[in-house]
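Chains, contacts and geometry: an overview
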Amino acid sequence: MTEAHAVLTRPVDGARTLLVTTPPTSAKSRRRARTVTVTSGLMLPVLSLAGALALWSAVSWFVLSPERQFLLPPPNRVLTQSLLDWKHLSPMLEALAVTARVALAGFVVAVAVGVGTGVLMSRAKWIERIIYPYAVVLQVIPILAIVPLIGLWFGYGMTARTLVCVLIAAFPIITNTHFGLQSVDRGLHELFTLGRASRWDRLVKLELRAAMPAILTGIRTASGLVVVGAIIGDMFFAKGEPGIGTLLDVFRSRLQSEDLIAAIVIASLFGVAVFSAFGILSRVLVGSWHASGQKS
């Protein structure tokens, strides 16, 4: 805590006033505060992870009998027999690369479709009334219910996997884009009207820029969903190179619990990394002019 300094000012109307001033915070103090914040922010996740691993180990060793430990092998066995064994880890990483390519392709298409559809819906109410119900239907129908149709229409290869990603990830981009475009300040619209801006200039220079925080929120949400879609596509459309979802299904059928849990961990870390990367991208693009671009 910084020390306050009392300063006696000149007499005013026969009285003296006391002014209390606080010296500016030093760079060293700011660095110390940041260090404390980062440390406290990391401590809770580390402690929760340690608690989860301890509970996992307790269930494996003390709840399950030895002949049933294949249902939940202890963490040390998953680590030594799968994650640290290159013979087991290498196929998982290769499969993850395939899943990543499918997720990237699906994500690019989902962003193009989502932003384009959101823009169309914002142009006129009648377009919104036509498109929005179908977007909702695609969102609420379980993807597994239409997997057979996707397989019949598009085959069981990479195209079907990519389509699953698009169907899962497009809706949050559509809704956030539409919401952002509809939320632009009316006063700014009036300024563009006074300046006789064209519809294209209004869209590019005002609406899309003002809606950027909402659009990036939708894209960030979709970045996590697209990984889920890629893994689901791997499981049900097995033609072509196997993805991480394909390996999950194989490990399940063979009761390879150590490899199954290791593959789940790898897929989860990939999803978290993608979601975090788009969170950082959102802060970089939005900057400090909007609350969504500021660190909490």
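Look up: the structure comes first, before these words.
1. Quick look at the overall build of the chain
On a plain count of helices and strands, the chain comes out with 11 helices and 2 strands. Start at the N end of the chain and walk to the C end: the helices and strands fall as β-β-α-α-α-α-α-α-α-α-α-α-α. Looking at the chain as a whole, 34% of its 296 residues are labelled buried.

2. A few points about helix α5 (residues 143-154)
Of all the residues in α5, the buried ones are Ile143, Ile146, Val147, Ile150 and Gly151. Buried residues of α5 fall within an arc of 165 degrees about the axis and therefore sit on the same side. Of the exposed residues in α5, those oriented more than 90 degrees away from the buried face are Ala145, Leu152 and Trp153. Among the structural elements, α6 (158-182) and α9 (212-236) are those in contact with the buried residues of α5. The first or second residue beyond α5 is glycine 155, which carries a positive phi of 80 degrees.

3. Let's talk about the packing of helix α3 (residues 86-123) against helix α10 (residues 244-253)
With their axes 7 Å apart at the nearest point, α3 and α10 run at an angle of 135 degrees to one another. Viewed along their axes, α3 and α10 adopt a mutual orientation that is oblique. Between α3 and α10, the residues in contact are Pro91, Met92, Ala95, Leu96 and Thr99 and Ile244, Gly245, Leu247 and Phe251, respectively. Across the contact of α3 with α10, the residue classes break down as 7 nonpolar, 2 polar and no charged.

4. A word on the nonpolar core
Counting residues in each nonpolar core, the largest one holds 38 residues, and the members touching the most others are Met92, Ile219 and Val226. Mapped onto this core, the elements with two or more residues apiece are α3, α6, α9, α10 and α11 (257-286). Beyond its immediate stretch of four places on either side in the chain, isoleucine 219 contacts Phe107, Val111, Ile173 and Phe278. Listed in part, the 10 residues of the second largest apolar core include Ile143, Ile146, Ala160 and Val164.

5. Overview of the layout of surface pockets
Estimates place the volume of the largest pocket at around 180 Å³. What lines the largest pocket is Leu49, Leu53, Trp56, Pro75, Val78, Leu79, Leu83 and Val265. Every element with two or more residues in the lining of the largest pocket is listed here: α1 (27-63) and α2 (75-83). A per-element tally of the lining of the largest pocket places α2 first, with 4 residues.

6. Here we look at the environment of histidine 189
Turning to its location among the elements, histidine 189 is positioned in helix α7 (residues 186-194). The spacing of histidine 189 and glutamate 207 is 18 residues in sequence and 8.8 Å in space, taken between C-alpha atoms. The residues touching histidine 189, leaving out its near neighbours within four places in the chain, are Val184, Arg202, Leu206 and Glu207.

7. Considerations on a nonpolar patch on the surface
On the surface, a nonpolar cluster with roughly 580 Å² of combined accessible area is contributed by Leu149, Leu152, Trp153, Phe154 and Tyr156. With respect to the element layout, tyrosine 156 can be found in the loop between α5 and α6. Among the residues examined, tyrosine 156 registers a relative accessible area of 36% and is labelled partly exposed.

8. Points about the packing of aromatic side chains
If you walk through the whole model with that rule in mind, you get 2 aromatic pairs. Each ring, one from phenylalanine 107 and one from phenylalanine 278, has its centre 4.8 Å from the other, and the planes form 55 degrees; the classification is tilted. Residue phenylalanine 107 is found in helix α3, and its partner phenylalanine 278 is found in helix α11; the two are separated by 171 residues along the sequence. Here phenylalanine 107 falls in the buried class, since its relative accessible area comes to 11%. When the centroid spacing of 5.8 Å and the interplanar angle of 45 degrees are considered together, the rings of tyrosine 156 and phenylalanine 237 count as tilted. Of the two residues, tyrosine 156 is situated in the loop between α5 and α6 and phenylalanine 237 in the loop between α9 and α10; the sequence distance between them amounts to 81 residues. Judged by relative accessible area, which is 1%, phenylalanine 237 ranks as buried.

Cut-offs used in this document
- Residue numbering note: each chain is counted from 1, following its sequence as written.
- Side-chain atom pairs in this predicted model are given and counted only at pLDDT of 80 or more, local residue features only at pLDDT of at least 70, and totals for whole chains, interfaces and linings cover all residues.
- Calculated side-chain values reflect all of the structure's heavy atoms, with hydrogen atoms and water omitted.
- Put simply, DSSP marks the helices as runs of H or I at least four residues long and the strands as runs of E at least two long, and each gets a number from the N terminus on.
- Each residue gets one of three labels from its accessible area relative to the maximum for its type: buried under 20%, exposed over 50%, partly exposed in between, using a 1.4 Å probe on protein chains only.
- Within this analysis, the arc is defined by the directions that extend from the helix axis to the C-beta atoms.
- Throughout, a residue-residue contact means that at least one pair of heavy atoms, one from each residue, lies within 4.5 Å.
- Note on geometry: axes are lines fitted to C-alpha atoms, helical ones only across the stretch in contact, with angles between N-to-C directions running from 0 to 180 degrees.
- If an angle is under 35 degrees, it is roughly parallel; if it is over 145, roughly antiparallel; if it lies from 65 to 115, roughly perpendicular; otherwise it is oblique.
- Amino acid classes used here: Ala, Val, Leu, Ile, Met, Phe, Trp, Tyr, Cys and Pro are nonpolar; Asp, Glu, Lys and Arg are charged; the rest, including Gly, are polar.
- By convention a nonpolar core is built from buried Ala, Val, Leu, Ile, Met, Phe, Trp, Tyr and Cys residues, the set being connected through side-chain atoms within 4.5 Å.
- Grid spacing is 1 Å over the protein atoms alone, the probe is 1.4 Å, and a cavity is where that probe fits but cannot get out, while a pocket is an open set with protein on both sides within 12 Å along at least five of seven lines and lining residues have an atom within 4 Å of a point.
- Grid points are joined across faces, edges and corners, and a volume is the space filled by probe spheres set on the points.
- Like-charged residues within 9 Å of one another, or nonpolar side chains (Val, Leu, Ile, Met, Phe, Trp, Tyr) within 5 Å, are grouped into patches, provided each residue has over 30% relative accessible area and no salt bridge.
- Areas reported here follow the Shrake-Rupley algorithm with a probe of radius 1.4 Å; residue values treat only the protein chains shown as occluding.
- Salt bridges are identified by distance alone: a Lys or Arg side-chain nitrogen within 4 Å of an Asp or Glu carboxyl oxygen.
- Between the rings of Phe, Tyr and Trp (Trp by its six-membered ring), a pair exists once the centres lie within 6.5 Å; its type follows the angle of the planes, with under 30 degrees stacked, over 60 edge-to-face, and the other angles tilted.

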